[in-house]
Amino acid sequence: MSQLLPPLKPLPIKERLSVLFVERCQLDVLDGAFVAVDVTGVRTHIPVGGVACLMLEPGVRVSHAACRLAAQVGTLLVWVGEAGVRLYSAGQPGGARADRLLYQARLALDEDARLKVVREMYRRRFGEEPPQKRSVEQLRGIEGARVRAMYQQLAQQYGVKWQARNYDREDWDQADIPNRCLSAATACLYGVTEAAVLAAGYAPAIGFIHSGKPLSFVYDVADVYKFETVVPVAFAVASKPVHNVEREVRQRCRDMFRKTRLLERIIPDIETMLDAGGLDKPEAQGVVDAAFPEDEGLGDAGHRT
């Protein structure tokens, strides 16, 4: 008997909704699609194949079938804390390509190539060439000073009382409104960026400016866009606090990602930043083609087929 529905194929990341938050429900699969069932039994269908990143807040239970479907369509599942301000774990939607992993690792291990990539990230972030004859550590220090100054400048622009980027993960409710808004905003950006990194076939952990963290490369890439996207949104919400500032930040970030078409920019920008390292991309050699090749998928390079 032939299949009633065509086989699932992932959509290109640039054509998807960037991020969607789900809370207090059971996620399962019904009629080949995600369905969220709340405590009252109300079912809400989610077009998971058109979402790049699904943020799972406390109270969400995910079935095996739902995880399998997310992997098939290339949607990143991210388990986050209340209001999305903490990131606990992530389920990779596909497998990063070995050739791109090797290329990324070679760039990170070559001191000259790594410095060139860092300089390109710095140039894209601040819109100017970084100082000459500086090491990665020195550029990281310069970046930190500029970031603190930019926080202060935006706080003055939006009329927000600002002390420092500081909060206690173990006592979140005691953080001030600006820090809570910034954490909620950056969590959105990190989720979208990680989905793009995985879709491009690279490893989130192999960073250039950041290192030693599971999401080092995600932080590197996200920082390029942070001050033109989510940080102004966070300060705008903090300037006129609402009852639930985290929810307001998330909704504004979602709308802003769609308006600026951020997902269309991230993957090509990743390639450009890594190309700045000056190393040739490895080519697969000695590979025997499959006897019965599969149809080419619609997804990005990092998706399993």
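Look up a bit, the structure's there.
Note that the coordinates shown come from a computational prediction; the quantities given were computed from them, not determined experimentally.

*Asks:* Looking at this structure, I do not really get the nonpolar core. What am I missing?
*Replies:* One broad trend across soluble globular proteins is that nonpolar side chains are buried collectively. Counting residues in each nonpolar core, the largest one holds 70 residues, and the members touching the most others are Phe 208, Phe 217, Phe 235, Phe 257 and Leu 274. Counting residues per element, this core draws most heavily on helix α5 (residues 177-200), which supplies 14 residues. Aside from chain neighbours lying at most four places away, what touches Leu 274 is Tyr 103, Leu 107, Val 117, Tyr 202, Phe 208 and Phe 217. By size, the runner-up hydrophobic cluster in this structure holds 15 residues, among which are Cys 25, Phe 34, Ala 66 and Leu 77.

*Asks:* In this structure, what is going on with helix α7 (residues 230-239)? I would like to understand it.
*Replies:* One turn of an α-helix holds 3.6 residues; hence residues three or four places apart share an orientation. Where burial is concerned, most of α7 is hidden: nine out of the 10 residues are buried. When we look at burial in α7, the residues that qualify are Val 230, Val 231, Pro 232, Val 233, Ala 234, Phe 235, Ala 236, Val 237 and Ala 238. For α7, the elements touching its buried residues are α4 (136-158), α5, α6 (216-226) and α8 (245-260).

*Asks:* Explain the sheet that holds strand β6 (residues 60-62) to me, please; I cannot follow it from the model alone.
*Replies:* Each strand in a sheet pairs with its neighbour through backbone hydrogen bonds, running either in the same direction (parallel) or in the opposite one (antiparallel). Pairing is mixed across the open sheet formed by four strands, whose spatial order is β4-β3-β2-β6. The open sheet has two edge strands with one neighbour each: β4 (43-46) and β6. Looking at each pair of strands side by side, their axes are set apart by 30° on average, direction ignored. As paired elements, strand β2 (residues 25-30) and strand β3 (residues 33-37) share five bridges and run antiparallel to each other. Across the sheet, the residue bridging to Asp 28 is Val 35, located in β3.

*Asks:* Can you help me understand a negative patch on the surface in this one?
*Replies:* Together, Asp 110, Glu 111, Asp 112 and Glu 137 line one region of the surface with negative charge. Within the secondary structure, Glu 137 sits in helix α4. For Glu 137, a relative accessible area of 49% gives the class partly exposed.

*Asks:* In this structure, what is going on with the packing of helix α3 (residues 111-126) against helix α9 (residues 262-275)? I would like to understand it.
*Replies:* Relative orientation and spacing of two packed helices are given, respectively, by the angle between their axes and the distance between those axes. Put simply, α3 and α9 touch, their axes get as near as 7 Å, and they point 135° apart. One element, α3, and the other, α9, form an angle in the oblique class. Residues Val 117, Glu 120, Met 121 and Arg 124 of α3 touch α9, and the partners they reach there are Asp 269, Thr 272, Met 273 and Leu 274. Residues that form the contact of α3 with α9 fall into these classes: four nonpolar, one polar and three charged.

*Asks:* Is there a simple way to think about the packing of aromatic side chains in this case?
*Replies:* When we look at a pair of aromatic rings, we describe it by the centre distance and by the angle of the planes. With the rule as written, the count across this model stands at eight aromatic pairs. Ring centres of Tyr 151 and Phe 227 lie 5.2 Å apart, and the angle between their planes is 55°; this geometry places the pair in the tilted category. Of the two residues, Tyr 151 is situated in helix α4 and Phe 227 in the loop between α6 and α7; the sequence distance between them amounts to 76 residues. The exposure class of Tyr 151 is buried, given its relative accessible area of 8%. Look at Phe 227 and you get buried, because its relative accessible area is 13%.

*Asks:* When you look at the environment of Arg 125 in this model, what are you seeing that I'm missing?
*Replies:* Here Arg 125 is to be found in helix α3. Judged by its relative accessible area of 14%, Arg 125 falls in the buried class. With 18 residues separating them in the primary sequence, Arg 125 and Glu 143 have C-alpha atoms 9.6 Å apart.

*Asks:* How should I be thinking about α9 in this particular structure?
*Replies:* Between its first and last C-alpha atoms α9 spans 20 Å; for 14 residues at 1.5 Å apiece the expected length is 20 Å, and the two agree. Taken residue by residue, α9 has Leu 262, Leu 263, Ile 266, Ile 267, Asp 269, Ile 270, Glu 271, Met 273 and Leu 274 as its buried positions.

Rules behind the numbers
By convention here, each chain's residues receive numbers from 1 onward along its written sequence. Two thresholds apply to this predicted model, a pLDDT of at least 70 for residue-level local features and 80 or more for giving and counting side-chain atom pairs, whereas whole-chain, interface and lining totals are computed over all residues. Processing note: side-chain calculations cover all non-hydrogen atoms of the structure and skip hydrogens and water entirely. The criterion is simple. A nonpolar core is a set of buried Ala, Val, Leu, Ile, Met, Phe, Trp, Tyr and Cys residues joined through side-chain atoms within 4.5 Å. Any residue under 20% of the maximum accessible area for its type is buried, any over 50% is exposed, and the rest in between are partly exposed; the area is computed with a 1.4 Å probe on protein chains only. Strands here are runs of E lasting at least two residues and helices are runs of H or I lasting at least four, both read from the DSSP assignment and numbered beginning at the N terminus. Here, two residues are considered to be in contact whenever any of their heavy atoms come within 4.5 Å of each other. Pairing between strands is defined by DSSP: at least two bridges between them are needed. Comment: axis = line fitted to C-alpha atoms, over the contacting stretch for helices; angle = value between 0 and 180 degrees taken between N-to-C directions. Here the term patch refers to residues with relative accessible area over 30% and no salt bridge, with like charges joined within 9 Å and nonpolar side chains (Val, Leu, Ile, Met, Phe, Trp, Tyr) within 5 Å. Residue burial considers only the protein chains on display, and all accessible areas are found by Shrake-Rupley using a 1.4 Å probe. Whenever a carboxyl oxygen of Asp or Glu lies within 4 Å of a side-chain nitrogen of Lys or Arg, that contact is scored as a salt bridge. Two residue types count as positive, namely Lys and Arg, and two as negative, namely Asp and Glu; His and chain ends fall outside the count. Note on charges: their place is set at NZ of Lys, CZ of Arg, CG of Asp or CD of Glu. Here is the rule for angles: anything less than 35 degrees is roughly parallel, anything more than 145 is roughly antiparallel, 65 through 115 is roughly perpendicular, and the remaining ranges are oblique. Only Asp, Glu, Lys and Arg are considered charged in this grouping, and only Ala, Val, Leu, Ile, Met, Phe, Trp, Tyr, Cys and Pro are considered nonpolar; every other residue, Gly among them, is considered polar. Pairing of aromatic rings covers Phe, Tyr and the six-membered ring of Trp, with a centre-to-centre limit of 6.5 Å; geometry is then stacked below 30 degrees between planes, edge-to-face above 60, and tilted otherwise. In this scheme, a helix's expected span is set at 1.5 Å multiplied by one less than its residue total.

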